[in-house]
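Overview (structure and organization)
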Amino acid sequence: MVFRALIAAFTLALAACTTTPTATLPSIDQVEYRIGAGDKLNLTVFREDSLSGEFQVNEAGLLSLPLVGDIQASGKTLSQFRDDLTTLLGSEFVRDPRVTVNVASYRPVYVLGEVSNPGEYAYTERMTVYALVAKAGGFTYRANQNVAFIRHENEAQERAYSLTSGGAIMPGDTIRFEQRYF
């Protein structure tokens with residue numbers, strides 16, 4: 001009787017120590033990059049050197065351009081932002097504007113917990129969780145390699161995700177790995 005009680009208590013304790021992932025990370029092909037505060041964009045307006053250059057999205061999500069002023073950039077895809085800028089320039093400043101928009105540098109990602117070198121890392125295009133772990137020196141021997149806790153930039157709470165080889169992360173994400181217990 002005492003033995004069964006101990007087994008039941010041990011089983012409950014073990015269940016309390018494990019985290020059940022609530023979702024699976026989307027693959028690289030399923031996510032679309034959106035501009036955010038801290039990103040640096042390279043804008044080229046054909047034959048308009050004063051409107052071309054590298055510009056950083058500020059904390060309010062705005063991009064400040066000469067002549068034009070502040071333009072909302074945060075939350076838009078590169079093509080949406082390019083189309084908005086083309087429309088704005090064509091309506092007031094430039095006849096038949098030809099605009100290209102590229103990312104000069106992304107906002108960083110953060111990795112915490114059971115990796116060899118936790119910290120801030122530069123995001124690279126199409127980055128996966130495993131690529132970030134590799135940048136951070138790999139998992140520690142205590143790491144739970146089945147679950148990652150991720151807080152996306154615009155979310156208040158982190159969520160548990162099952163790890164897969166192609167699981168995508170995005171600029172501004174914070175990824176945390178817990179230790180395993182057994």
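Residues numbered from 1 in each chain as written. Predicted model: local features only at pLDDT ≥ 70, side-chain atom pairs only at ≥ 80, totals over all residues. Heavy atoms only, no water.

Another point: the overall build of the chain. Within the chain, the regular secondary structure consists of 3 helices and 11 strands. Along the chain, from the amino end to the carboxyl end, the secondary structure elements read α-β-β-β-β-β-α-β-β-β-α-β-β-β. Out of the 182 residues belonging to the chain, those deemed buried represent 35%. (Helix = DSSP H or I, 4+ residues; strand = E, 2+ residues; numbered from the N terminus. Buried < 20%, exposed > 50% of the residue type's maximum accessible area, 1.4 Å probe, protein only.)

Attention shifts here to unusual backbone geometry. Despite not being glycine, Arg 47 shows a phi value in the positive range, around 65 degrees. On the secondary structure map, Arg 47 appears in the loop between β2 (40-45) and β3 (53-56). Take Arg 47: its relative accessible area is 70%, and that puts it in the exposed class. In the Ramachandran plot, Leu 67 falls in the positive-phi region, its phi being about 70 degrees despite a non-glycine side chain. Here Leu 67 is to be found in the loop between β4 (62-65) and β5 (69-72).

A word on the layout of surface pockets. Space inside the largest pocket adds up to approximately 380 Å³. Along the wall of the largest pocket there are 20 residues; nearest its centre are Arg 107, His 152, Asn 154, Met 170 and Asp 173. (1 Å grid on protein atoms, 1.4 Å probe; cavity = no way out; pocket = protein on both sides within 12 Å on 5 of 7 lines; lining within 4 Å. Points joined across faces, edges and corners; volume = space filled by probe spheres on them.)

Taken as a whole and judged by the stated rule, the model has 10 salt bridges. One salt bridge connects Lys 76 with Asp 84, and the closest N-O pair in it is separated by 2.5 Å. For Arg 98, the salt bridge is made with Asp 96, and the minimal N-O distance between the two is 3.8 Å. (Salt bridge = Lys/Arg side-chain N within 4 Å of Asp/Glu carboxyl O.)

Where strand β7 (residues 109-113) lies against strand β8 (residues 119-121), 3 bridges are found, and the strand directions are antiparallel. Bridge pairing in β8 places Tyr 110 opposite Glu 120. What sits between the antiparallel neighbours β7 and β8 is a turn of 5 residues. (Pairing = 2+ DSSP bridges.)

Considering all chains together, one arrives at 3 aromatic pairs under this definition. Ring geometry for Tyr 33 and Tyr 106: centres 5.1 Å apart, planes at 90 degrees, overall edge-to-face. You can see Tyr 33 sitting in the loop between β1 (23-24) and β2 and its partner Tyr 106 sitting in the loop between β6 (99-105) and β7, a full 73 residues away along the chain. For the pair Tyr 106 and Tyr 123, a centre-to-centre distance of 5.0 Å together with 75 degrees between the ring planes defines the contact as edge-to-face. Here the residue Tyr 106 occupies a position in the loop between β6 and β7, and Tyr 123 occupies one in the loop between β8 and α3 (129-135), the gap between them amounting to 17 residues. Grouping aromatic residues by their ring pairs yields a cluster made of Tyr 33, Tyr 106 and Tyr 123. Lying over the aromatic face of Phe 149, Arg 176 brings its terminal NZ or CZ to 4.5 Å of the ring centre. (Phe/Tyr/Trp six-rings, centres within 6.5 Å; stacked < 30°, edge-to-face > 60°. Lys NZ or Arg CZ within 6 Å of the ring centre and 35° of its normal.)

Along the chain, the position of Asn 144 falls in the loop between α3 and β9 (147-151). A distance of 3.0 Å separates the side chain of Asn 144 from the backbone nitrogen of Asn 146, its partner in a polar contact. The residues contacting Asn 144, other than those within four sequence positions of it, are Phe 177, Glu 178, Gln 179 and Arg 180. (Polar contact = N/O pair within 3.5 Å; in protein donor to acceptor, adjacent residues only side chain to side chain. Contact = heavy atoms within 4.5 Å.)

What follows covers the sheet that holds β6. A sheet is described by the order of its strands in space; here 3 strands give the open sequence β3-β2-β6, paired in antiparallel fashion. Unpaired on one side and paired on the other, β3 and β6 mark the two borders of the sheet. Strand-to-strand twist in this sheet, taken as the mean axis angle between neighbours without regard to direction, amounts to 30 degrees. Judged from the 4 bridges that link them, β2 and β3 form a sheet pairing that is antiparallel. In the strand pairing of β3, Leu 43 is matched with Gly 53. The sheet contacts of helix α2 (residues 78-92) involve β2 and β6, and relative to β6 the element is tilted by about 135 degrees. (Axes fitted to C-alpha atoms, helices over the stretch in contact; angles between N-to-C directions.)

Function cannot be read off these values alone, since they describe shape.
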